[in-house]
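Reading the structure
If you want the building blocks of each chain, they are given just below.
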2 protein chains.
Amino acid sequence: MTARAELRWVVDTRELRYFVAVAEELHFGRAAQRLGIAQPPLSRAISRLERRLGVALLTRTSRSVVLTAPGAVLLEEGRAALDALDAAENRVRRAALAADGEPGVVLAVKAGASGELLAKLLSAHAVEPGAARIEVELCGPGQQTRLLRSGRADVALLHLPFDDVAGLDTEELLTEGQVAVLPAGHPLTTRRGLRLADLDGVPDLPHPRWPGPDGGYPDGPGPEVHDSAQLLQLVSLGRTLVVVPESVRAQLPEGVVAVPVVDAQPVTTVIAWPPHSRSLAVAQLVETALRL
Amino acid sequence: MTARAELRWVVDTRELRYFVAVAEELHFGRAAQRLGIAQPPLSRAISRLERRLGVALLTRTSRSVVLTAPGAVLLEEGRAALDALDAAENRVRRAALAADGEPGVVLAVKAGASGELLAKLLSAHAVEPGAARIEVELCGPGQQTRLLRSGRADVALLHLPFDDVAGLDTEELLTEGQVAVLPAGHPLTTRRGLRLADLDGVPDLPHPRWPGPDGGYPDGPGPEVHDSAQLLQLVSLGRTLVVVPESVRAQLPEGVVAVPVVDAQPVTTVIAWPPHSRSLAVAQLVETALRL
DNA sequence: GTCATCCATACCCCCGCGGTATCGGTCGGT
DNA sequence: ACCGACCGATACCGCGGGGGTATGGATGAC
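Residues numbered from 1 in each chain as written. Chains lettered and ligands numbered in written order. Predicted model: local features only at pLDDT ≥ 70, side-chain atom pairs only at ≥ 80, totals over all residues. Heavy atoms only, no water.

Here we take up the overall build of chain A. In terms of helices and strands, chain A carries nine helices and ten strands. Dimensions of chain A, computed from the C-alpha atoms along their principal axes, are close to 65 × 55 × 30 Å. A total of 292 residues make up chain A; the buried ones form 45% of that total. Contacts in chain A between residues far apart in sequence, at least 24 positions, make up 65% of those at least 6 positions apart. Charged side chains in chain A number 30 positive and 35 negative. The centres of these two groups are separated by 7 Å. (Helix = DSSP H or I, 4+ residues; strand = E, 2+ residues; numbered from the N terminus. Buried < 20%, exposed > 50% of the residue type's maximum accessible area, 1.4 Å probe, protein only. Contact = heavy atoms within 4.5 Å. Lys, Arg positive; Asp, Glu negative; His and termini not counted. Charge placed at Lys NZ, Arg CZ, Asp CG, Glu CD.)

Right, dumping it as structure tokens:
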């Protein structure tokens, strides 16, 4: 038994990281700089990877580098594989810490979202017999899946259809409509319901700009924001508007008004965890959430 | 931007493969043999891995090797990460082939299962405009997920609750009861319905033995089988019995009889695909399947 | 006590990764 | 049209580290 050909592996993590860097930068020099190595070894590593795979990943002229179709596949799949490696590493480290002082379960939640649901979940879980300690990790929008995939969190509350749940196990918790949060006294607040089109064309209330996955901000007229308290203050100052799930109404401050957005797609809050989770504590938490 | 600490990686694929081998064998000598290297480099590699992680993965006495709790986590997560790496490699290779002659989509199906559904799906897909060529990969029970996870298939038909769909995206197709397939003329065939307990205690019809993930067969009195045609022949010869979803009735040969099993849990057939699938062809196939 | 087993250590060799220097090709400026 | 800047590929070198053999040391069977 175990007569599998155990040798023969082609792609090594270092090479894969190198390739991802080049594929993201589309520039060997910058990629090398980012990786902290010189450019020639990087060129050789990519060439060797292509030779071993027997596949052209990049088409380079001396002035530009572009991905081939297989190269795009490797970028996508390679990122997932590297995430899985990082996740393995982080989970092992956390398992080792759990053996000593128990940090319990890390729950990733988008800061400012699902406040009521989160409170109910935590209090319901606290009374469970043998409940693990829960550490709530508040993070920016869309960062929960990153924490989950990289193994720095065990379970997360996500919001469909915004978060990408590909490769995660999920259970639905609740579905709700969305409301627009506007400065009190703004003309739009007199309406009973709004459409998304009404909100796009408001010159004095441009949409806010959140940091992207790389930490940078997209271009646009709206203010740069990085947390929800700041965002709500900007709304009350009449500088921006934002569309959020209606449960956020319960925690709106003075000076802002919520108006239903009738044609916004409903938001579903799900609890998500990485596959292969053998953790009893996570399973228990999910079960508690489903009973809410 | 991209000021992330890009260096700092701890776990290398070679070391991870080495660790998985040792963790599976729980024996450095055998693991080294399986890996095709000598034992001392293996010991050093594991030690180095533990030192870099700062975590004890194995407790070794000079007579035995056992996994620590973090070691068990690394075994589980590491396998998933290695699968992801293999998958990336295979998908890149397949994407490269697709650029030339197009092998289209590989659909993994358990040999002998879902025959009717499969036929309907293939014919429905064939009339779709711009339908990709579909290559059906017939495999043993439980092997579909392996093909999917390792990137050798793009989409699969699985059967809950038998197959493990952790980490796969799925859509339900149909749910059905199960029937016992028995040799014609056997006393049990006179019954209108059976219970699982009725089938366990039949001395002349022991359950068949399928190959496990490692290709080996478990111990037991039943015959070793590796494909469904052989299995049905063994049933008609009065050597074994088998419990299958009721849709299989449509393709039973002479000499065997199907009897409903009233307390068997219903089987749900799902279509599954790996996450991060950017493939239009897979999406189209899934959509077609959902319309059946 | 002796031997077999099994993991760790010591030591050696050599492959290959990363470095510097340089080439060759392409685009932009004047 | 020529020159220079830019950028990826190639050539060559040094050294770290992976894998090999030989051996040590601890443990359990008899």
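This next bit is on the interface of chain A and chain B. Between chain A and chain B, the contact holds 47 residues from the first and 47 residues from the second. Taking both partners together, chain A and chain B bury about 4,400 Å²; carbon and sulfur atoms supply 62% of that area. Seen at the junction of chain A and chain B, the total is two salt bridges. Of the charged contacts in the structure, one is a salt bridge between Arg91(B) and Glu77(A), with a shortest N-O distance of 2.9 Å. Along the contact surface separating chain A from chain B lie four residue pairs in polar contact (both at pLDDT 80 or more). When contributions to the side of chain A that touches chain B are tallied by element, the ones reaching two or more residues are helix H1 (13–25), helix H2 (28–35), helix H3 (39–53), helix H4 (69–99) and helix H6 (143–149) of chain A. Take the side of chain A that touches chain B: its biggest share by element is 17 residues, from H4(A). When the residues that make up the side of chain A that touches chain B are grouped by side-chain class, the tally is 23 nonpolar, five polar and 19 charged. (Buried area = accessible area lost by both parts, 1.4 Å probe. Salt bridge = Lys/Arg side-chain N within 4 Å of Asp/Glu carboxyl O. Polar contact = N/O pair within 3.5 Å; in protein donor to acceptor, adjacent residues only side chain to side chain. Nonpolar A, V, L, I, M, F, W, Y, C, P; charged D, E, K, R; others polar.)

Both copies of the chain are related by a screw-like operation: a rotation about an axis and a shift along it. Expressed as a screw transformation, the operator carrying chain A onto chain B has a rotation angle of 179 degrees and an axial translation of 0.1 Å, and the superposed copies differ by an RMSD of 0.2 Å. These values place the two chain copies in the arrangement generated by a two-fold rotation axis. The rotation axis passes nearest to the C-alpha of Gly167(A) in chain A, at a distance of 2.3 Å. Taken as a fraction of all interface residues of chain A, those also at the interface in chain B reach 100%, which identifies the copy contact as same-surface. (Least-squares fit on C-alpha atoms with pLDDT ≥ 70 in both.)

All names here are of chain A. With domains assigned, chain A is organised as domain 1 (13–82), domain 2 (102–176 + 267–290) and domain 3 (178–261). Contacts between the two partners involve eight residues from domain 2, matched on the other side by nine residues from domain 3. When domain 2 packs against domain 3, close to 830 Å² is buried across both sides, 54% of that on carbon and sulfur atoms. Remark: the boundary between domain 2 and domain 3 carries zero salt bridges. On inspection of domain 2 and its partner domain 3, the count reaches one residue pair in polar contact (both at pLDDT 80 or more). (Domains from an automatic or database assignment.)

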